[in-house]
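Here is how the chains run, residue by residue.
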2 protein chains.
Amino acid sequence: MTTETDSGASAVMAHLPKGKRERTKLANREAILAAARDVFARLGYGATTVRDIIRATDLASGTFYNYFKSKEEVFEAIQDESAVRVRPRLRAERIRAKSVEEFIAGSFRTFFDYVATDRGTFAVMRRNADTVRVRMDTPEIIAGFDELKSDIVRAMDEGLLPRADADFLMASMVGVAFECAERMLKREPVDPAAAADFATALFLGGIRALPKPTHS
Amino acid sequence: MTTETDSGASAVMAHLPKGKRERTKLANREAILAAARDVFARLGYGATTVRDIIRATDLASGTFYNYFKSKEEVFEAIQDESAVRVRPRLRAERIRAKSVEEFIAGSFRTFFDYVATDRGTFAVMRRNADTVRVRMDTPEIIAGFDELKSDIVRAMDEGLLPRADADFLMASMVGVAFECAERMLKREPVDPAAAADFATALFLGGIRALPKPTHS
DNA sequence: GGGGAAAGTTGACGGACCGTCACATTTCCC
DNA sequence: GGGAAATGTGACGGTCCGTCAACTTTCCCC
């Protein structure tokens, strides 16, 4: 049972990949990502070396570089996976929401809920005195923010929201979200609803008081 | 003129340090910090090595370690210097302010003004795709935030500000300040007043709408 | 099914960095 | 002036990085 034949074992997890080549390629990539997640969690981003990740797999050192260029790139991939998971939820939120206010509230709610769940990806990055922060310039994350921002800009255009400096506004949402998320994770019990309520109230109250943009 | 004697040259910058020993000690430390600032600016934090910093001085590699334990520690020292420069301004602001609102406005103003001036310390850290962020756990910075926070808590206690979750509030101020500062530095011309106005309005408007803290 | 091309894996290698340490040098102070 | 203490020096062992030529596996077409 435990010692299957090759064909049997591969049939278990063989879904999309057609050839064996494609299958091991996927498996290797996944193994590296899993190992990286684990090592990042144990040592923190700054302290882990590419070699640490490699050693946590059963691959040769050279192989790693067939999949990722650097530690940085593995990190990005892990973050992107998270973003991929969050984006559909934000989209659903946008559809469900009946007003911009609801949409903003829902976005915060979704974000904090996710962070509280997927601590392995979010909290881990700042282990110890690690100063690595969540990257914002990763494709999936940029796309997600662009979506959110265009919604907000549209709401401003339609007069549903006071016109303000949309860049600063997005920056502020990001800042509030991430800093509060960090505090949230340090508390016991972790309470995403409280964090979301706080951020939402601060924002909805604040937006109404915003001045016109001075930025050209 | 340019080639002074030792006593002549040292007399120029000899103020506090008494012996020659103390003087070169200070000079070396300063040389390392200056070199580090320069190299960080050129290469970004992540890409610079301790060796790069050493090479930018005329010291031996071993000497560096008499002054700092690591690149990280040099970084902290540079940041702390900035914090040391900002804190008195914030204190002056607190004394000058006639209300909590004015104080918050003044704090943002001071912060963005400083960032716009001392780009060498703030902006430099995120050069390229560098993910190092400003450290918040450095002694001087912690002290500064504690000061600010206790003022806000006191204002809440005195009923001058609606009672809210002070931790989240501080986190939000930090988040908004740093994220907006980053956007600000990318614009031309850099306009600290606009950034400060935005942050202040967002906050003062937002604070009034905050819910009671659910945190025990 | 066989055989050659293409894709992928392997681990050793040159280059660089890190932090230390025994030794040389400078400063202090009696 | 001279010895003790403090500081500077740079070579060294250990580690990491990213590459590359040689090797193994998979693919695919005859």
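Colleague: Please explain the pattern of salt bridges as it appears in this structure.
Modeller: Opposite charge on two side chains makes pairing possible when the charged atoms of those side chains draw close. All names here are of chain A. The final tally for this structure, using the stated rule, is 39 salt bridges over all chains. A salt bridge links Arg-42 to Asp-38; its shortest N-O distance comes to 2.7 Å. Taken together, the positions of Arg-42 and Asp-38, both in helix H2 (residues 20-43) and four residues apart, correspond to about one turn of that helix. When its relative accessible area of 41% is taken as the criterion, Asp-38 is described as partly exposed. Across the pair Arg-163 and Asp-157 runs a salt bridge whose closest N-O atoms are separated by 3.0 Å. Look at the salt bridges and you will find they share partners, linking Arg-87, Arg-91, Arg-94, Glu-140, Glu-147, Asp-151 and Arg-154 into a network.

Colleague: Before we go on, may I ask you to explain the environment of A:Leu26 in this structure?
Modeller: All names here are of chain A. The residue Leu-26 is located in helix H2 in this model. With a relative accessible area of 51%, Leu-26 lands in the exposed category. Placed 41 residues apart in sequence, Leu-26 and Tyr-67 show a C-alpha to C-alpha distance of 9.8 Å.

Colleague: I keep staring at the protein's contact with DNA strand C and nothing clicks. Help me out?
Modeller: Around DNA strand C there are 19 residues in total, and A:Lys25, A:Asn28, B:Lys20, B:Arg21 and B:Arg51 lie nearest to it. Here, DNA strand C places atoms within 4 Å of the protein, and 64% of those atoms are sugar or phosphate. Interatomic distance of 2.6 Å between a side-chain N/O atom of A:Lys25 and a phosphate oxygen of DNA strand C. At a separation of 2.7 Å, a base oxygen of DNA strand C approaches a polar side-chain atom of B:Arg51. Contributing elements (two or more residues each) for the surface near DNA strand C: H2 and helix H4 (61-67) of chain A together with helix H2 (20-43), helix H3 (50-55) and helix H4 (61-67) of chain B. Ranked by residue count, the leading element in the surface near DNA strand C is H4(A), at five residues.

Colleague: Help me understand the nonpolar core in this model?
Modeller: Looking at soluble globular proteins, one finds that nonpolar side chains tend to be buried together. Membership of the largest hydrophobic core comes to 75 residues, with the highest contact counts inside it found for A:Phe108, A:Phe112, B:Phe108 and B:Phe112. Those elements giving two or more residues to this core turn out to be helix H6 (100-117), helix H8 (139-157), helix H9 (166-186) and helix H10 (192-208) of chain A together with helix H6 (100-117), helix H8 (139-157), helix H9 (166-186) and helix H10 (192-208) of chain B. Apart from the residues lying within four places of it in its own chain, the contact partners of B:Phe108 are B:Met173, B:Ala177, B:Ala196, B:Ala199, B:Thr200 and B:Phe203.

Colleague: Just to check I follow, could you spell out the protein's contact with DNA strand D for this structure?
Modeller: Neighbouring DNA strand D are 19 residues; A:Lys20, A:Val50, A:Arg51, B:Lys25 and B:Asn28 lie closest to it. Per the 4 Å cut-off to the protein, sugar and phosphate atoms form 64% of the nearby atoms of DNA strand D. A distance of 3.4 Å is found between a phosphate oxygen of DNA strand D and a side-chain nitrogen or oxygen belonging to B:Asn66. Here a phosphate oxygen of DNA strand D and a side-chain polar atom of B:Tyr67 are 3.0 Å apart.

Colleague: Any chance you could explain the packing of aromatic side chains here in plain terms?
Modeller: Aromatic rings considered in pairs are described by the distance between their centres and by the relative angle of their planes. Under the criterion given, the structure shown has 20 aromatic pairs over all chains. Ring centres of A:Phe64 and A:Phe68 lie 6.1 Å apart, and the angle between their planes is 40°; this geometry places the pair in the tilted category. One exposure class covers both A:Phe64 and A:Phe68, and it is buried. Taken together, a centroid distance of 5.5 Å and an interplanar angle of 75° make the contact between A:Phe111 and A:Phe112 edge-to-face. Pair check on accessibility: A:Phe111 and A:Phe112 agree, each one buried. Aromatic ring contacts, followed pair by pair, group A:Phe108, A:Phe111, A:Phe112, A:Phe178 and A:Phe203 into a single cluster. Looking at B:Lys71, its charged tip hangs above the ring of B:Tyr45, at a distance of 4.3 Å from the centre. Over the ring of A:Phe168 we find B:Arg187, and its NZ or CZ is 4.2 Å from the ring centre.

About the thresholds
- Throughout this document, residue positions are counted from 1 along each chain, in the order its sequence is written.
- Chain A is the first chain written and ligand 1 is the first ligand written, with later ones labelled in order.
- Under the rules for a predicted model, residues below a pLDDT of 70 receive no local features and side-chain atom pairs below 80 are neither given nor counted, while totals for whole chains, interfaces and linings still include all residues.
- Side-chain calculation: all heavy atoms of the structure are included, whereas hydrogens and water are not.
- We count a salt bridge whenever a side-chain nitrogen from Lys or Arg sits within 4 Å of a carboxyl oxygen from Asp or Glu.
- Strands here mean DSSP runs of E at least two residues long; helices mean DSSP runs of H or I at least four residues long; both are numbered from the N terminus.
- When a residue's accessible area, from a 1.4 Å probe over protein chains only, is under 20% of the maximum for its type it is buried; when over 50% it is exposed; and in between it is partly exposed.
- For this description, a residue counts as near a given molecule or strand if any of its non-hydrogen atoms is within 4 Å of it.
- Contacts described as polar in this section are N or O atom pairs within 3.5 Å, which, within protein, must combine one atom able to donate a hydrogen with one able to accept it, while residues neighboring in sequence count only if both atoms come from side chains.
- For our purposes a nonpolar core is just a set of buried Ala, Val, Leu, Ile, Met, Phe, Trp, Tyr and Cys residues, chained together by side-chain atoms within 4.5 Å.
- We call two residues in contact whenever any of their non-hydrogen atoms come within 4.5 Å of each other.
- Think of it this way: a Phe, Tyr or Trp ring, Trp meaning its six-membered ring, pairs with another when their centres are within 6.5 Å, and the plane angle makes it stacked under 30 degrees, edge-to-face over 60, tilted otherwise.
- By definition, being over a ring means that NZ of Lys or CZ of Arg is both within 6 Å of the ring centre and within 35 degrees of the ring normal.

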